[in-house]
Amino acid sequence: MNITALYALFKSSGGIATDTRNTLSKKIYFALKGDHFDGNDFALDALSKGAIAAVVDRPALKDRTDKIFFVDDVLKKLQELAHFHRKKCKTTIISITGSNGKTTTKELIKTILSENFSCQATEGNLNNHIGVPLTLLKLKETTQFGIVEMGANHQGEIAFLCKIAAPDWGYITNFGKAHLEGFGGLDGVIKGKTELYRYLTENKGNILVHADDAEQEKAVGTYSVIRFGKNSTNDYCIQYSDAIDDELCIHFSNRKLCCPLYGAYNLPNIAAATALGIHLGVSLEQISSALSCFETQANRSQLIQKGKYSFVLDAYNANPTSTKAALMSFAQKKAESKGIILGDMLELGVEAFEEHQKIVFQALAMKFEEIYLVGSLWPLLEIEHSKIKIFEASEVLRDYFVENPSNVTTLLLKGSRGIALEKILDAF
């Protein structure tokens, strides 16, 4: 099926579906494959549930019905359709990548730009080779800005996503020790993330850079960029207030702008969204209003109260850079007594042992009253200390807390997604 015919069908449909458990009425079903499933198995079921067509790559399905469309590779066809639709739209695409803070920055930018423009953004964390096409295919003719999050754990992935999304703007939140196993170390992270810079430079796009970050300045080189930071020589000079528990504030042009976000590590995210908003014509009054109403995403720097206990739930993901930042912010938090629950930091490869050891030593130096470590990597450190208790899984620590309530009133939960530390909250 050629792309022109597929696009005509797409324009007359109710959108794209990849899961028969979701609403299928008037949608085109794409039979994607995963590690443990093959969407081709459900193509006929999708049609019976209201899909107007099914795109498959299993030859045996070819002639079952005229609503079946056979292609060589379903995923490639989905990506091709997304790129075709993106080029047909007049939407300005803003791409966000980086090791930490991508989703929060994406949501901040969407919140601010929505004050003035029609916006569409990546939903949740759909930021990979499947999620990016699905985001693009939700763009409407009236959408003025599309904010597209791009994730990667290997070099070459950002460059590939750029070819699909064809961004007009790009921002890299930071370079951290994330996915070191796939990228081959921190230098590999920088090389992989800056594929966004290189695409935009080659295609005369716009680059936003946090000038206070030395690694950002070094990586951006001589590219044409818009800079924000504390120095008055930047395009947008933005200062930070001291972080307090329930609010972060920045200053621009004698105006104080505050946001109900936790953690000083979120200040650059707020500043980036503000700088971009100003550059694109959103007034300071509108930005102030948008920031004041911002709501955090699930498991990302969430402040949760359960009885006498206060929690900082930052368990969507973790790496050495983000965990260190979380510990530093939590150490400054005002509380009667504090404890930390740390989950494994995954995908660190050969550096996993050393990086986990550094985090434990840092936590001990900060003198938290209780330290709980969850996962399979911490026991390998063989560190013994009266404050440290180690558990193999979140469910085990949850059950422990049911019988042995914590003696502290405020707890930080920080770990990789695979550890699912949020389960522990059920014990309180």
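As a starting point, this report considers the structure included with it.

The rules behind these values
- Residues numbered from 1 in each chain as written.
- Predicted model: local features only at pLDDT ≥ 70, side-chain atom pairs only at ≥ 80, totals over all residues.
- Heavy atoms only, no water.
- Helix = DSSP H or I, 4+ residues; strand = E, 2+ residues; numbered from the N terminus.
- Rg over C-alpha atoms; globule rule 2.2 N^0.38 Å.
- Buried < 20%, exposed > 50% of the residue type's maximum accessible area, 1.4 Å probe, protein only.
- Contact = heavy atoms within 4.5 Å.
- Areas by Shrake-Rupley, 256 points an atom, 1.4 Å probe, with all protein chains shown as cover.
- Lys, Arg positive; Asp, Glu negative; His and termini not counted.
- Charge placed at Lys NZ, Arg CZ, Asp CG, Glu CD.
- Pairing = 2+ DSSP bridges.
- Axes fitted to C-alpha atoms, helices over the stretch in contact; angles between N-to-C directions.
- Salt bridge = Lys/Arg side-chain N within 4 Å of Asp/Glu carboxyl O.
- 1 Å grid on protein atoms, 1.4 Å probe; cavity = no way out; pocket = protein on both sides within 12 Å on 5 of 7 lines; lining within 4 Å.
- Points joined across faces, edges and corners; volume = space filled by probe spheres on them.
- Nonpolar A, V, L, I, M, F, W, Y, C, P; charged D, E, K, R; others polar.
- Parallel < 35°, antiparallel > 145°, perpendicular 65-115°, else oblique.
- Disulfide = S-S within 2.5 Å.

1. Notes on the overall build of the protein chain
Scanning the protein chain from N- to C-terminus turns up 15 helices and 20 strands. The C-alpha radius of gyration of the protein chain comes to 23 Å, within 12% of the 22 Å expected for a compact globule of 428 residues. Its C-alpha atoms give the protein chain principal-axis dimensions of roughly 70 × 55 × 40 Å. Taken over 428 residues, the protein chain has a buried fraction of 52%. Summarising the internal contacts of the protein chain: among those between residues at least 6 apart in sequence, 63% fall at separations of at least 24. Accessible area for the protein chain stands at about 19100 Å²; split by element, carbon and sulfur atoms hold 48% of it. Charge-centre separation for the protein chain: the mean point of 47 positive side chains lies 5 Å from the mean point of 50 negative side chains.

2. Things to note about the sheet that holds strand E14 (residues 255-259)
Pairing within the open sheet is antiparallel, and its 3 strands lie in the order E12-E13-E14. Of all strands in the sheet, those with a lone pairing partner are strand E12 (239-240) and E14, marking the two edges. Where strand E13 (residues 248-252) lies against E14, 5 bridges are found, and the strand directions are antiparallel. Residue Cys 249 lies in a different strand from E14, and its bridge partner there is Cys 258. In the packing of helix H11 (residues 267-279) onto the sheet, contacts are made with E12, E13 and E14, and the angle to E13 comes to roughly 40 degrees. Sitting on the sheet, helix H12 (residues 284-292) touches E13 and E14, and the angle it makes with E14 is about 25 degrees.

3. Side note on helix H8 (residues 186-193)
Within the span of H8, buried status applies to Gly 188, Val 189, Ile 190, Gly 192 and Lys 193. Next to the buried residues of H8 lie strand E5 (92-97), helix H6 (157-165), strand E8 (169-172), helix H7 (180-183), helix H9 (195-202) and helix H10 (214-220).

4. Considerations on the pattern of salt bridges
In total, this model carries 20 salt bridges according to the counting rule given. Taking the shortest distance from any N to any O, the salt bridge between Asp 19 and Arg 21 comes out at 2.8 Å. Among the ionic pairs, Arg 86 bridges to Asp 168, the shortest N-O distance being 2.9 Å. Taken as a pair, Arg 86 in helix H3 (residues 74-88) and Asp 168 in the loop between H6 and E8 lie far apart in primary sequence, 82 residues in all. On the accessibility criterion, Arg 86 (6% relative accessible area) is buried. Its relative accessible area of 27% is what places Asp 168 among the partly exposed residues. Counted as one network, the salt bridges with shared partners bring together Lys 177, Glu 354, Glu 355 and Lys 358.

5. Considering the layout of surface pockets
For the second largest pocket, the calculated volume is near 210 Å³. Residue lining of the second largest pocket: Thr 18, Asp 19, Thr 20, Arg 21, Tyr 29, Leu 32, Phe 37, Gly 39, Phe 42 and Ile 130, and that is the complete set. Across the lining of the second largest pocket, the residue classes break down as 5 nonpolar, 3 polar and 2 charged.

6. Brief notes about the packing of H3 against H6
For the pair H3 and H6, interaxial distance at closest approach is 7 Å and the crossing angle is 50 degrees. Taken together, the axis directions place H3 and H6 in an arrangement best described as oblique. Residues Gln 79, Ala 82, His 83 and Arg 86 of H3 form the contact with H6, whose participating residues are Phe 160, Lys 163, Ile 164 and Ala 165. Broken down by class, the residue content of the contact of H3 with H6 amounts to 4 nonpolar, 2 polar and 2 charged.

7. So, the sheet that holds strand E1 (residues 16-17)
Ordered in space as E1-E2-E3-E4, the 4 strands form an open sheet in which the pairing is parallel. Because the sheet does not close on itself, it has two edges, and the strands there are E1 and strand E4 (68-70). One ladder, built from 3 bridges, connects strand E3 (residues 53-56) with E4; its direction is parallel. Across the sheet, the residue bridging to Val 56 is Phe 70, located in E4. Running over the sheet, helix H1 (residues 3-11) touches E1, strand E2 (28-30), E3 and E4 and is turned about 125 degrees from E2. Here H3 sits on the sheet and contacts E1, E2 and E3; the angle it forms with E2, its principal contact strand, is near 130 degrees.

8. Quick word on the state of the cysteines
Counted under the stated rule, the structure contains 1 disulfide. Linked covalently through their sulfurs, Cys 249 and Cys 258 form a disulfide whose S-S length is 2.1 Å. In this structure the cystine formed by Cys 249 and Cys 258 twists about its S-S bond by roughly 105 degrees; its chirality is therefore right-handed. In this structure Cys 249 comes out as buried when scored by relative accessible area, which is 6%. Assessed through its relative accessible area of 18%, Cys 258 is described here as buried. Looking at the unpaired Cys 162, the closest cysteine sulfur is the one in Cys 89, lying at 18 Å.

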